[in-house]
Amino acid sequence: MLDSLVAGALADAAERRASRSLADVESAARARPAALDVLAHLAPADRVKIIAEVKRSSPSRGALADIPDPAALASAYETGGASVISVLTEGRRFGGSLADLEAVRAAVSLPVLRKDFIAEPYQVFEARAAGADLALLIVAALDQPALKELYALVDELGMTALVEAHSADEVERAVDLGARLIGVNARNLSTFELDRDLFGSLVGRIPAGVIRVAESAVKTPDDVAHYRAAGADVVLIGEALVTGDPVATLSAFLGAAERATSNEEQAHDHPLA
């Protein structure tokens with residue numbers, strides 16, 4: 001599945017490049033105002049941070065929501081307390097586009113993540129040209145030289161890379177990059193199976209000072225509390241937000257995470273803890 005998604009994303013990028021050259025996209029990317037300071041927005045705090053996602057469909061669930069106005073949805077996420085907006089720009093299986101990202105960028109003051117299957121520099125320049133402050137790099141989709149090249153380019157353009165891992169080896173590769181924002185995705189991108197406990201089993205491999213992001217397998221407030229209790233600084237949520245009231249759902253998720261933090265602090269303070 002992952003190989004197919006990457007191949008499709010590269011084919012679509014090649015089609016766009018036929019009408020807009022690499023030189024043109026790079027020029028547009030470098031002409032953008034400075035990217036927002038993502039690490040400041042997601043820095044560990046006494047509450048979990050949420051990356052809220054604009055996501056129309058997925059290979060595992062099919063159609064989720066029409067989202068005729070991604071900018072309006074992103075604005076609702078900002079109102080609801082999200083710290084970053086993620087925009088799926090992959091068109092074949094997720095129904096997204098760079099136009100969605102541009103619309104969201106114009107509508108919110110929060111950092112915006114381009115979530116796609118990025119495997120070549122052209123896509124990184126596209127991300128910045130469209131206004132992205134972050135770009136997703138999936139370790140499983142890239143060999144280490146390519147991962148390093150793309151990571152360096154993201155950094156050069158002033159963006160932040162969300163480096164996504166699914167195993168201990170992939171976390172190690174992300175750490176070797178010097179990544180400051182590492183995500184653990186509960187969804188295996190080869191089988192699309194979910195394991196909510198994967199984050200907790202790998203988080204200890206992420207060094208202190210690196211922001212830890214839990215991704216996928218979030219359906220209820222309890223899932224967010226579970227990730228917070230396991231050590232997540234940030235939780236990325238898509239499906240659960242687009243299939244319900246985004247503001248009310250965000251409020252419920254943030255409240256559950258705050259209770260998990262409070263319970264953990266009380267346990268540490270207890271004389272028998």
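The structure we're discussing is the one just above.
So, here is what we can say about the structure in this document.

Scoring rules and cut-offs
Within any chain, residue numbers begin from 1 and follow the written order of that chain's sequence. pLDDT decides what is reported in this predicted model: residues at 70 or higher carry local features, side-chain atom pairs at 80 or more are listed and counted, and totals for whole chains, interfaces and linings draw on all residues regardless. Excluding hydrogens and water, the side-chain values take into account all heavy atoms of the structure. A run of H or I in DSSP becomes a helix once it reaches four residues, and a run of E becomes a strand once it reaches two; helices and strands are each numbered from the N terminus. With a 1.4 Å probe rolled over the protein chains alone, any residue whose accessible area is under 20% of its type maximum counts as buried; one over 50% counts as exposed, and the rest are partly exposed. Comment: arc refers to directions from the helix axis out to C-beta atoms. Contact criterion: two residues are considered in contact whenever any of their non-hydrogen atoms come within 4.5 Å of each other. Each polar contact in these results corresponds to two N or O atoms within 3.5 Å; when the atoms are within protein, one needs to be able to donate a hydrogen and the other to accept it, and residues that are neighboring in sequence are counted only if both atoms are side-chain atoms. Side-chain rings of Phe, Tyr and Trp, where Trp is taken by its six-membered ring, are said to pair if the distance between their centres is within 6.5 Å; with planes under 30 degrees apart they count as stacked, over 60 as edge-to-face, and otherwise as tilted. Two thresholds decide whether a charge sits over a ring: the Lys NZ or Arg CZ must be within 6 Å of the ring centre and within 35 degrees of the ring normal. Put simply, the grid is 1 Å and covers the protein atoms alone, a cavity is a trapped set of points that fit a 1.4 Å probe, a pocket is an open set with protein on both sides within 12 Å along at least five of seven lines, and lining residues have an atom within 4 Å of a point. Grid points are joined across faces, edges and corners, and a volume is the space filled by probe spheres set on the points. Each residue gets one label: Ala, Val, Leu, Ile, Met, Phe, Trp, Tyr, Cys and Pro are nonpolar, Asp, Glu, Lys and Arg are charged, and the others, such as Gly, are polar. For two strands to count as paired, DSSP must find a minimum of two bridges between them.

## Concerning unusual backbone geometry
- Phi at Ile67 takes a positive value of approximately 45 degrees, unusual for a residue other than glycine.
- Structurally, Ile67 is set in the loop between strand E3 (62-63) and helix H4 (70-80).
- Owing to a relative accessible area of 9%, Ile67 belongs among the buried residues under this scheme.
- A positive phi is found at Ser216, a non-glycine position, where the angle reads about 75 degrees.
- Tracing the backbone through its elements, the reader meets Ser216 in the loop between strand E9 (211-215) and helix H10 (221-230).

## Some points on helix H5 (residues 98-107)
- Every buried residue belonging to H5 is among Leu98, Asp100, Leu101, Val104 and Arg105, and all of these are buried. For H5, the angular spread of buried residues about the axis comes to 150 degrees, placing them on one side.
- Contacts made by the buried residues of H5 are with helix H1 (2-19), strand E1 (49-54), H4, strand E4 (84-88), strand E5 (112-115) and helix H6 (121-129).
- The opening residue of H5 is Ser97, an N-cap whose side-chain oxygen sits 3.3 Å from the backbone nitrogen of Ala99.

## Considerations on the packing of aromatic side chains
- The final tally for this structure, using the stated rule, is two aromatic pairs.
- Taken together, a centroid distance of 6.0 Å and an interplanar angle of 40 degrees make the contact between Phe94 and Phe117 tilted. A residue pair is termed long-range when its members are at least 10 positions apart, and Phe94 in the loop between E4 and H5 and Phe117 in the loop between E5 and H6 qualify at 23 residues. The same class applies to Phe94 as to Phe117, namely buried.
- With centroids separated by 5.8 Å and ring planes inclined at 80 degrees, the aromatic side chains of Phe199 and Tyr227 adopt a geometry described as edge-to-face. Highlighted residues: Phe199 in helix H9 (residues 198-202) and Tyr227 in helix H10, separated in sequence by 28 residues. A single burial state applies to Phe199 and to Tyr227, both of which are buried.
- The ring of Tyr122 has Arg17 sitting right over it, with the charged end atom 5.1 Å from the ring centre.

## Things to note about the environment of Ser21
- Mapped onto the fold, Ser21 is located in the loop between H1 and helix H2 (22-31).
- The class for Ser21 is partly exposed, based on a relative accessible area of 31%.
- Each C-alpha atom of the pair Ser21 and Met1 lies 29 Å from the other, and the pair is 20 residues apart in sequence.
- Engagement of the side chain of Ser21 in a polar contact is seen with the backbone nitrogen of Asp24, the distance being 3.1 Å.

## Comments concerning the layout of surface pockets
- Its boundaries defined by the atoms lining it, the largest pocket holds a volume of some 430 Å³.
- The wall of the largest pocket is formed by 27 residues, among which Glu53, Lys55, Lys115, Arg187 and Ser216 lie closest to the centre.
- For the lining of the largest pocket, the elements supplying multiple residues, two or more each, are strand E6 (134-138) and strand E10 (234-237).
- Its residues placed into classes, the lining of the largest pocket shows 13 nonpolar, five polar and nine charged.

## Comments concerning the pairing of E4
- The element E4 is extensively covered by neighbouring structure, given that five of its five residues are classed as buried.
- What you see with E4 is no split at all: Val84, Ser86 and Leu88 on one side and Ile85 and Val87 on the other are buried throughout.
- Relative to E4, E1 runs parallel, the two sharing four bridges. Residue pairing in the sheet places Ala52 in a bridge with Ile85 of E4.
- Across four bridges, E4 lies against E5 in parallel orientation. Bridge assignment links Val87 to a residue of E5, and that residue is Arg114.

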